[in-house]
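Residue strings, one per chain:
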Amino acid sequence: METQFLAKKKRRSKKNNSQGVATLVFLLALFVIGGGLGVRYVMNNYLANQQTQTNKSANTETPEQRQQRQFIDSVAKPAINVYKDNHQVLPSIVVAQAIIESNWGHSQLYQDAKNPFGIKGSYNGQTKSFPTTEYVNGKEERINANFRVYPNLEAAILDHDAVVAQQFLPAHVTNYRTAARLLQQNGYATDPSYAKKLVNVINTYSLNRFDGY
């Protein structure tokens, strides 16, 4: 009798242990699943909040800021592509010059001739006269001059880089401050504050980010 009792007790003990293990596994599974769902919930909320912040930032742009951002992007993309091929003029310098010379793309020269850099002369025989401001003995003078007419922005950037590399910048200048100083020093523009303006525009709009592609 005692032997049978002990045997039954052992069987009940094994059964209880098996049930306990199964319960523990079930609880662990619930914890893992619940934890996974919790993590997923937190991540989804985080991503949703990030998207909301991005949308808020975009919505707080003024029309002028939006136009400026779009102009920067429109010049930066071809400037980067050209620089990857020729390594002549830093994209930050190209974009800054386009901003200054074309007044954010609003100049008549840019609108009519796709010339955002104020480069004079002719391009493939195409030229057009526009009024411009020059500095003579430190004083502003309004004159008319012939400027190059381009078929598109990429052609303008390619030509601009070739002209700058040939006449105003030595090869392999990879510092935008140095490039700005040399452009003024070598006579790209008659404005005595030209280098300072370029550097200020680059710093204000973080244009040097484009130099690393």
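For the structure, see preceding data.
If you're wondering where the values come from, they're calculated on a predicted model, not measured in any experiment. (Residues numbered from 1 in each chain as written. Predicted model: local features only at pLDDT ≥ 70, side-chain atom pairs only at ≥ 80, totals over all residues. Heavy atoms only, no water.)

**Description of the packing of aromatic side chains**
For step 1, the next point in the chain: According to the stated counting rule, one finds seven aromatic pairs in the structure shown.
For step 2, the next point in the chain: Taking 5.1 Å as the distance between ring centres and 75 degrees as the angle between the ring planes, the aromatic pair formed by Trp104 and Tyr205 counts as edge-to-face. Note that Trp104 is positioned in the loop between helix H3 (91-102) and helix H4 (108-113) and Tyr205 in the segment after helix H7 (194-204), a separation of 101 residues in sequence.
For step 3, the next point in the chain: Judged by its relative accessible area of 10%, Trp104 falls in the buried class. (Phe/Tyr/Trp six-rings, centres within 6.5 Å; stacked < 30°, edge-to-face > 60°. Helix = DSSP H or I, 4+ residues; strand = E, 2+ residues; numbered from the N terminus. Buried < 20%, exposed > 50% of the residue type's maximum accessible area, 1.4 Å probe, protein only.)

**Some details on the layout of surface pockets**
For step 1, the next point in the chain: Here the largest pocket is characterised by a volume of approximately 800 Å³.
For step 2, the next point in the chain: Contributing to the lining of the largest pocket are 31 residues, with Glu101, Gly118, Thr132, Thr133 and Glu134 lying nearest its centre.
For step 3, the next point in the chain: Ranked by residue count, the leading element in the lining of the largest pocket is strand E1 (residues 127-136), at six residues.
For step 4, the next point in the chain: Looking at the lining of the largest pocket, its residues break down into 13 nonpolar, ten polar and eight charged. (1 Å grid on protein atoms, 1.4 Å probe; cavity = no way out; pocket = protein on both sides within 12 Å on 5 of 7 lines; lining within 4 Å. Points joined across faces, edges and corners; volume = space filled by probe spheres on them. Nonpolar A, V, L, I, M, F, W, Y, C, P; charged D, E, K, R; others polar.)

**Re the pairing of E1**
For step 1, the next point in the chain: Here E1 runs beside strand E2 (residues 139-148); their pairing, made up of ten bridges, is antiparallel. Opposite Val136, over in E2, you have Lys139 as the bridge partner.
For step 2, the next point in the chain: Between E1 and E2, which pair antiparallel in sequence order, lie two residues; one of them, Asn137, sits at a positive phi of approximately 55 degrees. (Pairing = 2+ DSSP bridges.)

**Quick notes on unusual backbone geometry**
Of all residues except glycine, most have a negative phi; of all peptide bonds, most are trans.
For step 1, the next point in the chain: A positive phi is found at Asn103, a non-glycine position, where the angle reads about 55 degrees.
For step 2, the next point in the chain: Position of Asn103 relative to the elements: it lies in the loop between H3 and H4.
For step 3, the next point in the chain: Overall, the relative accessible area of 47% leaves Asn103 in the partly exposed class.
For step 4, the next point in the chain: Residue Trp104 is not a glycine yet carries a positive backbone phi of 60 degrees.

**Focus: the side chain of Asp161**
For step 1, the next point in the chain: Take Asp161: it is sitting in helix H5 (residues 153-167).
For step 2, the next point in the chain: A polar contact of 2.8 Å, which involves the side chain of Asp161, links it to the side chain of His160. (Polar contact = N/O pair within 3.5 Å; in protein donor to acceptor, adjacent residues only side chain to side chain.)

**Quick notes on the environment of Tyr213**
For step 1, the next point in the chain: By secondary structure assignment, the location of Tyr213 is in the segment after H7.
For step 2, the next point in the chain: Linking Tyr213 and Ala76, residues 137 residues apart in sequence, is a C-alpha distance of 9.5 Å.
For step 3, the next point in the chain: With residues near it in sequence (within four places) discarded, Tyr213 still touches Ile80, Tyr83, Lys84 and His87. (Contact = heavy atoms within 4.5 Å.)

**Examining the packing of helix H2 (residues 63-86) against H5**
For step 1, the next point in the chain: Contact pair H2 / H5: the axes reach a minimum separation of 10 Å and the direction vectors enclose 45 degrees. Relative to H5, H2 is oriented oblique. Between H2 and H5 the crossing geometry is right-handed. Of the residues in H5, those in contact with Ser74, Val75, Pro78, Ala79, Val82 and Asn86 of H2 are Leu153, Glu154, Ile157, Leu158 and Asp161.
For step 2, the next point in the chain: Residues of the contact of H2 with H5, tallied by class, amount to seven nonpolar, two polar and two charged. (Axes fitted to C-alpha atoms, helices over the stretch in contact; angles between N-to-C directions. Parallel < 35°, antiparallel > 145°, perpendicular 65-115°, else oblique. Left-handed = near helix turned anticlockwise from the far one by under 90°.)

**Notes on the nonpolar core**
Within soluble globular proteins, side chains that are nonpolar generally end up buried alongside one another.
For step 1, the next point in the chain: Among the nonpolar cores identified, the biggest contains 46 residues, and Ile93, Tyr188 and Leu207 are the most heavily contacted of them.
For step 2, the next point in the chain: For this core, the elements supplying multiple residues, two or more each, are H2, H3, H5, helix H6 (176-185) and H7.
For step 3, the next point in the chain: The greatest single-element share of this core, amounting to eight residues, is contributed by H2.
For step 4, the next point in the chain: Sequence-distant contacts of Ile93, that is, excluding residues within four places in its chain, are made with Tyr176, Ala179, Ala180, Leu183 and Ile202.
For step 5, the next point in the chain: Phe130, Ala145, Phe147 and Val149 belong to the second largest nonpolar core, which has six residues in total. (Core = buried A, V, L, I, M, F, W, Y, C linked by side-chain atoms within 4.5 Å.)

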